[in-house]
Amino acid sequence: MSDLQNLYQELILDHSRTPHGYGLRDEIPAQSHQLNPTCGDEITLQVHRSADGAVEAIAWEGHGCAISQASASLLAELAEGLSVEDLEIRIAAFREAMRSRGKIEPDEELLGDAAALGGVSKYVARVKCAMLAWVAAEDALTRS
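Draft legend 1. Up close: the overall build of the protein chain. When helices and strands are counted, the protein chain shows five helices and three strands. Starting at the N terminus and ending at the C terminus, the protein chain contains elements arranged as α-β-β-β-α-α-α-α. Whereas a compact globule of 144 residues would reach a radius of gyration of roughly 15 Å, the protein chain reaches 14 Å, a difference of no more than 12%. For the protein chain, with 144 residues in total, the buried portion stands at 45%. A separation threshold of at least 6 residues defines the contact pool for the protein chain, and within that pool the share at least 24 residues apart is 56%. Summing over all exposed atoms, the protein chain offers an accessible surface of approximately 7,500 Å²; the carbon and sulfur share of this is 49%.

Dropping the structure here:
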């Protein structure tokens with residue numbers, strides 16, 4: 001395994017162990033619950049927006065594999081302070097990379113540390129795990 005792959009693996013494990021944005025808030029401006037029926041991973045995700053409409057925070061709770069939990073944490077970290085449009089652009093870029101079966105490297109400038117999940121795209125069964133929080137965020141944005 002290359003040094004970069006080791007670094008990415010460690011980043012994913014760190015985010016699954018100490019997740020960013022974990023814990024739902026009492027106020028629920030926009031929320032979505034998603035389930036991966038294949039493996040049982042679940043995420044309930046809230047998108048909290050500031051007065052100017054920017055993403056203030058993503059709060060979430062869920063259970064599942066390290067990939068789904070790390071992906072939610074990485075998304076929560078990435079989304080803070082973005083405009084809704086910028087978040088939607090990142091969701092689309094992440095989806096494109098995940099569906100590429102390893103042919104498209106995630107754009108690190110656009111996705112930050114979430115680009116570490118790029119290797120997951122080679123494993124079709126794991127793509128749903130990585131996408132779960134991103135789909136929940138997209139769904140929550142349509143509800144706000």
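Draft legend 2. How the structure looks around the sheet that holds strand E2 (residues 42-49). Strands sit in the order E1-E2-E3 across an open sheet of three strands; the sheet is antiparallel. With partners counted over all chains shown, the strands left at the sheet margins are strand E1 (31-35) and strand E3 (55-63), one partner each. On average, each strand axis in the sheet is inclined to that of its neighbour by 15°, with strand direction left out of account. Alignment of E2 against E3, held across eight bridges, turns out to be antiparallel. If you follow Thr-44 over to E3, its bridge partner there is Glu-61. The strands touched by helix H2 (residues 66-79) are E2 and E3; relative to E3, the strand with the most contacts, the crossing angle is about 170°. On the sheet, helix H5 (residues 124-143) packs against E1 and E2 and is oriented at approximately 45° with respect to E2.

Draft legend 3. How the structure looks around the nonpolar core. Counting 38 residues, the largest nonpolar core has Leu-45, Ile-58, Leu-87 and Trp-134 as its most contacted members. Within the residue set of this core, elements represented by two or more residues are E2, E3, H2, helix H3 (84-99) and H5. For this core, the element with the highest residue contribution is H5, accounting for 11 residues. With residues near it in sequence (within four places) discarded, Trp-134 still touches Ser-71, Leu-75, Leu-78, Arg-90, Ile-91, Phe-94, Leu-111 and Ala-114.

Basis of the calculations
Residues numbered from 1 in each chain as written. Predicted model: local features only at pLDDT ≥ 70, side-chain atom pairs only at ≥ 80, totals over all residues. Heavy atoms only, no water. Helix = DSSP H or I, 4+ residues; strand = E, 2+ residues; numbered from the N terminus. Rg over C-alpha atoms; globule rule 2.2 N^0.38 Å. Buried < 20%, exposed > 50% of the residue type's maximum accessible area, 1.4 Å probe, protein only. Contact = heavy atoms within 4.5 Å. Areas by Shrake-Rupley, 256 points an atom, 1.4 Å probe, with all protein chains shown as cover. Pairing = 2+ DSSP bridges. Axes fitted to C-alpha atoms, helices over the stretch in contact; angles between N-to-C directions. Core = buried A, V, L, I, M, F, W, Y, C linked by side-chain atoms within 4.5 Å.

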